[in-house]
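What follows is each chain in one-letter form.
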Amino acid sequence: MSLVVMKFGGTSVGSIEKIKNVAKRVAKKKDEGYDVIVTVSAMAGETDRLINLIKEIEPKYDPREYDMVVSTGEQVSIGLLAQALKTMGYDAISFTGFQIGMITDGAHSKARIKKITGERLRQALKEGKICVVAGFQGIFPETGDITTLGRGGSDTTAVAIAAAMKANVCEIYTDVDGVYTADPRIVKNAKKLDKISYEEMLELASLGAKVLQSRSVEFGMKYGVDIMVLSSFEEKPGTLVTKEDKDMEKVIVSGVTCDKNQAKITITEVPDRPGIAADIFEELANHNINVDMIVQNVSTQGKTDISFTVAQTDLLRAHELCKKISKKIEASKVLADENIAKVSIVGVGMKSHAGVAAKMFKTLAENNINIQMISTSEIKTSCVIDEKFTELAVRVLHDKFVREGDDVS
Ligand code: ADP
Ligand code: ASP
Ligand code: MG
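Quantities reported herein were computed from a predicted structural model and do not represent experimental measurements.

Cut-offs and rules
- Residues numbered from 1 in each chain as written.
- Chains lettered and ligands numbered in written order.
- Predicted model: local features only at pLDDT ≥ 70, side-chain atom pairs only at ≥ 80, totals over all residues.
- Heavy atoms only, no water.
- Pairing = 2+ DSSP bridges.
- Helix = DSSP H or I, 4+ residues; strand = E, 2+ residues; numbered from the N terminus.
- Axes fitted to C-alpha atoms, helices over the stretch in contact; angles between N-to-C directions.
- Contact = heavy atoms within 4.5 Å.
- Near = heavy atom within 4 Å.
- Polar contact = N/O pair within 3.5 Å; in protein donor to acceptor, adjacent residues only side chain to side chain.
- Areas by Shrake-Rupley, 256 points an atom, 1.4 Å probe, with all protein chains shown as cover.
- Nonpolar A, V, L, I, M, F, W, Y, C, P; charged D, E, K, R; others polar.
- Buried < 20%, exposed > 50% of the residue type's maximum accessible area, 1.4 Å probe, protein only.
- Arc of directions from axis to C-beta.

1. Section: the sheet that holds strand β2 (residues 35-40)
Okay, so step 1: In space, the eight strands of this open sheet follow the order β3-β6-β2-β1-β9-β11-β12-β10, with mixed pairing throughout. Strands at the two margins of the open sheet, each flanked by one partner only, are β3 (92-95) and β10 (195-197). Averaged over all pairs of adjacent strands, the angle between their axes in this sheet comes to 20 degrees, without regard to strand direction.
Okay, so step 2: Pairing of strand β9 (residues 169-174) with strand β11 (residues 227-231) involves five bridges; the strand directions are parallel. Counted as the bridge partner of Glu171 is Met228 from β11.
Okay, so step 3: Against the sheet, helix α5 (residues 119-126) engages β1 (3-8), β2, β3 and β6 (130-134), with an angle of about 175 degrees to β3.

2. Quick look at the site of ligand 2
Okay, so step 1: Near ligand 2 you find Ser41, Ala42, Thr47, Glu74, Phe136, Arg151, Gly152, Gly153 and Ser154, and these make up its full shell.
Okay, so step 2: In this structure, a nitrogen atom belonging to ligand 2 sits 2.7 Å away from a side-chain N or O atom of Glu74.
Okay, so step 3: In this structure, Arg151 approaches ligand 2 through a side-chain N or O atom, which is 2.7 Å from an oxygen atom.
Okay, so step 4: In the complex, the protein chains occlude 87% of the 260 Å² of accessible area that ligand 2 would expose alone.
Okay, so step 5: Of the residues in the shell around ligand 2, the class split is two nonpolar, five polar and two charged.

3. Quick notes on the pairing of strand β8 (residues 145-148)
Okay, so step 1: Note: strand β7 (residues 137-140) against β8, four bridges, orientation antiparallel. Each bridged residue has a counterpart across the sheet, and for Ile139 the counterpart in β8 is Ile146.
Okay, so step 2: In this structure, the hairpin formed by β7 and β8 is closed by a connection of four residues, where Gly144 is found at a positive phi of approximately 75 degrees.

4. Digging into unusual backbone geometry
Okay, so step 1: The phi angle at Gln301 is positive, at roughly 50 degrees, despite the residue not being glycine.
Okay, so step 2: With respect to the element layout, Gln301 can be found in the loop between β14 (291-296) and β15 (303-311).
Okay, so step 3: Backbone geometry places Asn368, a non-glycine residue, at a positive phi of 60 degrees.
Okay, so step 4: Mapped onto the elements of the fold, Asn368 is located in the loop between α12 (356-366) and β17 (373-377).
Okay, so step 5: On the basis of relative accessible area, Asn368 is assigned to the exposed category, the value being 66%.

5. Considering the pairing of β9
Okay, so step 1: Here β9 lies mainly inside the structure; six of its six residues are buried.
Okay, so step 2: Here five bridges tie β1 to β9, and the two strands are oriented parallel to one another. Looking across to β9, one finds that Val4 is bridged to Val169.

6. Section: the site of ligand 1
Okay, so step 1: Near ligand 1 there are 16 residues, and of these Thr174, Asp175, Tyr180, Asp183 and Arg185 occur at the shortest range.
Okay, so step 2: Lys7 places a side-chain nitrogen or oxygen 3.0 Å from an oxygen atom of ligand 1.
Okay, so step 3: In this structure, Thr174 approaches ligand 1 through a side-chain N or O atom, which is 2.6 Å from an oxygen atom.
Okay, so step 4: Relative to its unbound accessible area of 580 Å², ligand 1 is 90% covered by the protein chains.
Okay, so step 5: Its residues placed into classes, the shell around ligand 1 shows seven nonpolar, four polar and five charged.

7. Thoughts on α12
Okay, so step 1: Taken as a whole, α12 has its buried residues at Val356, Lys359, Met360, Thr363 and Leu364. In a view along the axis of α12, the buried residues occupy a sector of 135 degrees, so they form one face of it. Among the exposed residues of α12, those oriented more than 90 degrees off its buried face are Lys362 and Glu366.
Okay, so step 2: On the buried face of α12, the contacting elements are β16 (334-346), β18 (380-386) and α13 (390-403).
Okay, so step 3: Among the residues trailing α12, Asn368 stands out with phi positive, at a value near 60 degrees.

Function cannot be read off these values alone, since they describe shape.
Encoded structure:
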């Protein structure tokens, strides 16, 4: 029998009414003759609430204890959904990450999935049961501790299960009816895409389009799992995330996105000698802090300034670490700026068209938006700007590249 993995996000399970609605969608799939595994997130707002609780006690919380607290939200949802299905007369069973053998590394609060053993899933499916699995959580076997997969991690749970269990498709049900050319909450006239390549979706997701967690797209791409993004409230076609095809290359810019969860650190008057950058960034990497854009100024009198961006959630820890490193390497000050955002344009067509970045800079300049940092890759250009201009930047870039079309002249 074909297997389908369905995933419902926080707003889709935000109330008992909505959980009953999800149960109906799942039951329908079962009635159509599919084997079904459902992954759910915590109820809307619950993960934020849990994070605030631990932050209230300690802003520089221990990530192990953070995982212990925030992983509980999903456990409530799976129990409720399994019960709703049972009440409707369906045979369902809920599982935590541990119970399905969701093995991760030990990077608490942003763990990576290593393997899914899945014995209990296989057994339950064989018995005809609907499996309801907690998203976002796993287990680090060396310590037996609960881990979580980073914000939005239930998407990754779902796609990883689809890959491990060789499902035909992974359906991600959410509060929008697909992937748009920009966040439809920011750009009212954004267009829904029928399909998008893994590469583009991966860039959009890594650059802030929270409709899918970027690691879920990585899994999809690596294991060739088709991901379908659909509305949990309406039955209509969604967006298919799949392998690149010829048609997709015709479009230069497929999407515009932004990420406000960014912060900038500047270390001033860093001695300009070999090994210094390695000292700084090795130390951050050893503490599991991902660094994104890095800019080093031209050095004057043997000293230079280094700026880089980190996730806002890592800022406190990164700032502390940089203060220590800066003493060791005899730099001057460490400045932290939370009020920045990254805006990006993404498209596989950028590979074969020149002038796209220049047009982006010009569009921002025409709107008096100053660019603080720039980074480019084959299929994207990103700029760091003042956070207060984020929505404006997304709208004007969307107007220029997506609405006016792809003329880069
Ligand atoms: P869920 O709780 O279902 O996981 P999320 O809030 O994580 O849902 O993701 C869905 C949200 O992603 C949408 O409500 C939308 O505001 C946002 N979003 C950002 N960029 C895009 C985009 N390009 N297309 C669709 N949605 C987007
Ligand atoms: N509940 C988690 C979060 O809010 C995971 C998820 O929703 O995907 O980030
Ligand atoms: Mg999400």
